2 protein chains.
Amino acid sequence: MSKANDYQILIEKSLKNYLPHGNFTEQTLIDSMEYSLMCGGKRIRPLLTLLFCELCGEDVNKALPYACAVEMIHTYSLIHDDMPCMDDDDYRRGKPSNHKVYGEDIATLSGDALQSLAFEIMLCDEAVEKISAQRAVKAAYTLAKYSGALGMVGGQVIDIEHENKNADIEILSEMDEKKTAALIKASCEMGCIIGGADKVRTEAATQYAHSIGIAFQIVDDILDVTATSEQLGKPVGSDSENNKSTYVSLLGIEKCRELVAKLTDDAINALSVFDADTKALSDLAIGLANRSN
Amino acid sequence: MSKANDYQILIEKSLKNYLPHGNFTEQTLIDSMEYSLMCGGKRIRPLLTLLFCELCGEDVNKALPYACAVEMIHTYSLIHDDMPCMDDDDYRRGKPSNHKVYGEDIATLSGDALQSLAFEIMLCDEAVEKISAQRAVKAAYTLAKYSGALGMVGGQVIDIEHENKNADIEILSEMDEKKTAALIKASCEMGCIIGGADKVRTEAATQYAHSIGIAFQIVDDILDVTATSEQLGKPVGSDSENNKSTYVSLLGIEKCRELVAKLTDDAINALSVFDADTKALSDLAIGLANRSN
């Protein structure tokens, strides 16, 4: 089995461990958080944190709380994104969305609590003692910045405000940079921070993250017109139904495929500043470009 | 003018400064965050952070990011709490709720972004350099813990799940401890952490926070049956309309008033371990007990 597989198993186990364990009056909330967090995502973001930490020569166990934190932020954003007042999606990864199972009130609150939990696990004694308070602060700050108003959440707002409008490529780029690439940047940069990388290597990680992040979004746009709903575990064609501008609607599928190939090359080339073996990260970039769901 | 007034002016100015400034594509989001954050709350939580920091002999300016962060968490919880899928309140502090002005999608996201911003301002270089990474980590962890699944958000879930049921006094106590007192504890403890307080003083702050927090909630319950909607800036009688158990419905108004007086005494007595002048905090406890809105 590949290293990425081993790490994904480690991530699954850690995510589950980081949820509150006990029998609480607010057990429904914990169940709802667990339902979405343990729903079998691809775990790309936490994997990136671990792989960059390892690439910097540091023990990946030190990066685990930060890896799990970014997955919690990603999960909370999906729960809120699926709500009727947002994308109104009844299914996520082939299963009913959080609010379809727990109701909109609990779904709102479990998203909120997952965000708090992300910061709690990064800043608790156990996580901080393994690295240093300086690195813990820097990593948690990085995640807060990239997930907030001028990062992931900002990207979602740009997305909402440009539905049913003809967004141009500049707006689309800014939206995807914030909505998708920002959290991937946080994942990669946090791995570098925990690993004690210098400025050159951290910037290379940012460049890698930007390239795979934008490629990831373009592949999403392509799959929305080429994949089956069974492959995606959610309805397809929603972008064109919503009259949303996408890379595909603006550039066409062929040009999009070329762009994904170029971005994937850029990502792999950015890794050349690292001395250690970058194969796992190169493979990940290629795998994301060629994915069918 | 009192010290509390001076500090409240400082808090207003800082909150405004901590919002992103510029002309952003996602400007609607920033406007929505500002709308609720600058909506003229009582600023009790940040004031507590500053007063405890000062009581520990430390410069209050060092506690300002942490004071503002707790107000951002409080504000995000109000925005989400007012949503149709939660309490469905059209008004907050006499003005239309966030979602009535910006829509439910933007309201959801501005709550999310305010939570991120809270952690961003506590963990940024400027805030951390004034204290130390150790204290920054401890303060931000404290806020994450008290605001999350087993704190404020957990309390909101207990509240939701006991609507239209006859909650007993144990459930009511746990709910109020989490929903209301938890964030007040975070405020007071963070002031102590920034101020470098020892364990005895920090525990005294927690005790003070618990007492004024529960008193605060009981006063809320009393005002819901005795105040006018003009005084509160929101509809009254909503608890009994929703068949919610409250301290008033379980114990009666007179017993509730006695309890508020006792809790206020407890809060003031807890402050006796501090050497410095605790008048501002005693006055605050008394003011909250006697408030009419």
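Residues numbered from 1 in each chain as written. Chains lettered and ligands numbered in written order. Predicted model: local features only at pLDDT ≥ 70, side-chain atom pairs only at ≥ 80, totals over all residues.

A.B. asks: Please clarify how the overall build of chain A should be interpreted in this entry.
C.D. replies: Along chain A, the regular secondary structure elements total 16 helices and 2 strands. In terms of overall size, chain A behaves like a compact globule, its C-alpha atoms giving a radius of gyration of 18 Å where 293 residues would be expected to give roughly 19 Å. Each principal axis of the C-alpha atoms in chain A carries an extent, and together these give about 50 × 50 × 35 Å. By the burial criterion, 55% of the 293 residues in chain A qualify as buried. Considering only contacts in chain A between residues 6 or more positions apart, those separated by 24 or more positions represent 71%. (Helix = DSSP H or I, 4+ residues; strand = E, 2+ residues; numbered from the N terminus. Rg over C-alpha atoms; globule rule 2.2 N^0.38 Å. Buried ≥ 20, exposed ≤ 12 C-beta atoms within 10 Å, placed from the backbone. Contact = placed C-beta atoms within 7 Å.)

A.B. asks: Help me understand the environment of Gly287 of chain B in this model?
C.D. replies: Within the secondary structure, Gly287 of chain B is located in helix α16 (residues 279-289). It is 14 Å that separates the C-alpha atoms of Gly287 of chain B and Gln217 of chain B, two residues lying 70 residues apart in sequence.

A.B. asks: Looking at this model, I keep getting lost on the relation of the copies chain B and chain A. Mind explaining?
C.D. replies: Look at the two chain copies: a rotation about an axis and a shift along it is all it takes to match them. For these two chains of identical sequence, chain B goes onto chain A by a turn of 180° and a shift of 0.0 Å along the axis, with RMSD 0.0 Å. Considering both components of the superposition, the chain copies are consistent with a two-fold axis. For chain B, the minimum C-alpha distance to the rotation axis belongs to Ala133 of chain B and amounts to 2.7 Å. A symmetric contact is evident, with 100% of the interface residues of chain B recurring at the interface of chain A. (Least-squares fit on C-alpha atoms with pLDDT ≥ 70 in both.)

A.B. asks: How do you make sense of the packing of helix α4 (residues 64-82) of chain A against helix α6 (residues 104-123) of chain A when you look at a structure like this?
C.D. replies: Describing two packed helices takes the angle between their axes plus the distance from one axis to the other. Residues and elements named next belong to chain A. Orientation of α4 relative to α6, taken along the N-to-C sense of each, is 165°, at an axis distance of 8 Å. Here α4 lies roughly antiparallel to α6, going by the angle between them. Along this stretch, α4 crosses α6, giving a crossing that reads as left-handed. Contacts from Pro65, Tyr66, Cys68, Ala69, Met72, Ile73, Thr75, Tyr76, Ile79 and His80 in α4 reach Ala107, Ser110, Gly111, Leu114, Gln115, Leu117, Ala118, Ile121 and Met122 in α6. Looking at the contact of α4 with α6 residue by residue, the classes come out as 14 nonpolar, 5 polar and no charged. (Axes fitted to C-alpha atoms, helices over the stretch in contact; angles between N-to-C directions. Parallel < 35°, antiparallel > 145°, perpendicular 65-115°, else oblique. Left-handed = near helix turned anticlockwise from the far one by under 90°. Nonpolar A, V, L, I, M, F, W, Y, C, P; charged D, E, K, R; others polar.)

A.B. asks: I tried to follow the interface of chain B and chain A on my own but got confused; where do I start?
C.D. replies: Accessible area lost during the coming together of the parts is what is often quoted as the interface size. Between chain B and chain A, the residue contacts involve 48 residues of the former and 48 residues of the latter. For the side of chain B that touches chain A, the secondary structure elements donating two or more residues are α2 (27-37), α6 (104-123), α8 (133-147), α9 (152-161) and α10 (169-195) of chain B. The element contributing the most residues to the side of chain B that touches chain A is α6 of chain B, with 13 residues. A class-by-class count of the residues in the side of chain B that touches chain A yields 29 nonpolar, 11 polar and 8 charged.

A.B. asks: Just to check I follow, could you spell out the nonpolar core for this structure?
C.D. replies: Generally speaking, a soluble globular protein has its nonpolar side chains buried in company with each other. Ranked by size, the top nonpolar core spans 197 residues in total, and within it Ala140 of chain A together with Ala140 of chain B carry the most contacts. Non-local contacts of Ala140 of chain B, meaning those with residues more than four positions away in its chain, are made with Phe119, Leu123 and Ala140 of chain A together with Phe119, Met122 and Leu123 of chain B. (Core = buried A, V, L, I, M, F, W, Y, C linked by C-beta atoms within 7 Å.)

A.B. asks: Would you take a moment to explain unusual backbone geometry for this structure?
C.D. replies: Trans is the common state for peptide bonds, and a negative phi is the common state for residues other than glycine. Phi at Asp88 of chain A takes a positive value of approximately 55°, unusual for a residue other than glycine. Residue classification places Asp88 of chain A among the exposed positions, given that 12 C-beta atoms sit within 10 Å.

A.B. asks: Would you take a moment to explain helix α15 (residues 253-270) of chain B for this structure?
C.D. replies: Helical periodicity: at 3.6 residues per turn, an α-helix aligns residues three or four positions apart in one direction. All names here are of chain B. Between the first and last C-alpha of α15 there are 26 Å, a value that for 18 residues agrees with the 26 Å anticipated at 1.5 Å per step. Among the residues of α15, Cys256, Val260, Leu263, Thr264, Ala267 and Ala270 are the ones counted as buried. Projected down its long axis, α15 carries its buried residues within an arc of 125°, all on one side. Within α15, the exposed residues directed more than 90 degrees away from the buried face are Glu254, Glu258 and Lys262. For α15, the secondary structure elements touched by its buried residues are α11 (199-226), α14 (247-251) and α16. (Expected span 1.5 Å × (residues − 1). Arc of directions from axis to C-beta.)

A.B. asks: Before we go on, may I ask you to explain helix α9 (residues 152-161) of chain A in this structure?
C.D. replies: Counting buried positions along α9 of chain A yields 8 of 10 residues, so the element is predominantly enclosed. Within the sequence span of α9 of chain A, burial applies to Met152, Val153, Gly154, Gly155, Gln156, Val157, Ile158 and Asp159 of chain A. In this structure, the buried side of α9 of chain A is in contact with α4, α8 (133-147) and α10 (169-195) of chain A together with α2 and α6 of chain B.

A.B. asks: Could you clarify how one ought to interpret the environment of Ala270 of chain A in this entry?
C.D. replies: Residue and element names in this part refer to chain A. Along the polypeptide, Ala270 turns up in helix α15 (residues 253-270). Judged by local crowding, Ala270 falls into the buried class, with 22 C-beta atoms found within 10 Å. For the pair Ala270 and Gln207, spaced 63 residues apart in sequence, the C-alpha to C-alpha distance is 6.4 Å. Those residues within four positions of Ala270 in sequence are excluded, and the remaining contacts are Ala204, Gln207, Tyr208 and Ser211.

A.B. asks: Please explain the packing of helix α1 (residues 3-18) of chain A against helix α3 (residues 44-55) of chain A as it appears in this structure.
C.D. replies: All names here are of chain A. α3 packs onto α1 with a crossing angle of 115° between their chain directions and a minimal axis gap of 10 Å. Of the possible angle classes, the one that applies to α1 and α3 is roughly perpendicular. In the crossing of α1 with α3, the sense of the turn from one axis to the other is right-handed. Together, Ala4, Tyr7, Gln8 and Ile11 of α1 and Pro46, Leu47 and Leu50 of α3 make up the contact between the two elements. Partitioned by chemical class, the residues of the contact of α1 with α3 number 6 nonpolar, 1 polar and no charged.

A.B. asks: Explain the environment of Lys95 of chain B to me, please; I cannot follow it from the model alone.
C.D. replies: All names here are of chain B. Along the chain, Lys95 turns up in strand β2 (residues 95-96). According to the C-beta neighbour criterion, Lys95 is partly exposed, with 14 such atoms within 10 Å. Along the backbone, Lys95 and Cys39 are 56 residues apart, and their C-alpha atoms lie at a distance of 8.3 Å.

A.B. asks: When you look at the confidence of the model for chain A in this model, what are you seeing that I'm missing?
C.D. replies: Regions with low pLDDT should not have their predicted coordinates read in detail. Summarising the model, chain A shows a mean pLDDT of 94, and 95% of its residues fall at 70 or more. Scoring of the predicted complex yields 0.96 for pTM and 0.96 for ipTM. (pLDDT = per-residue confidence, 0-100.)

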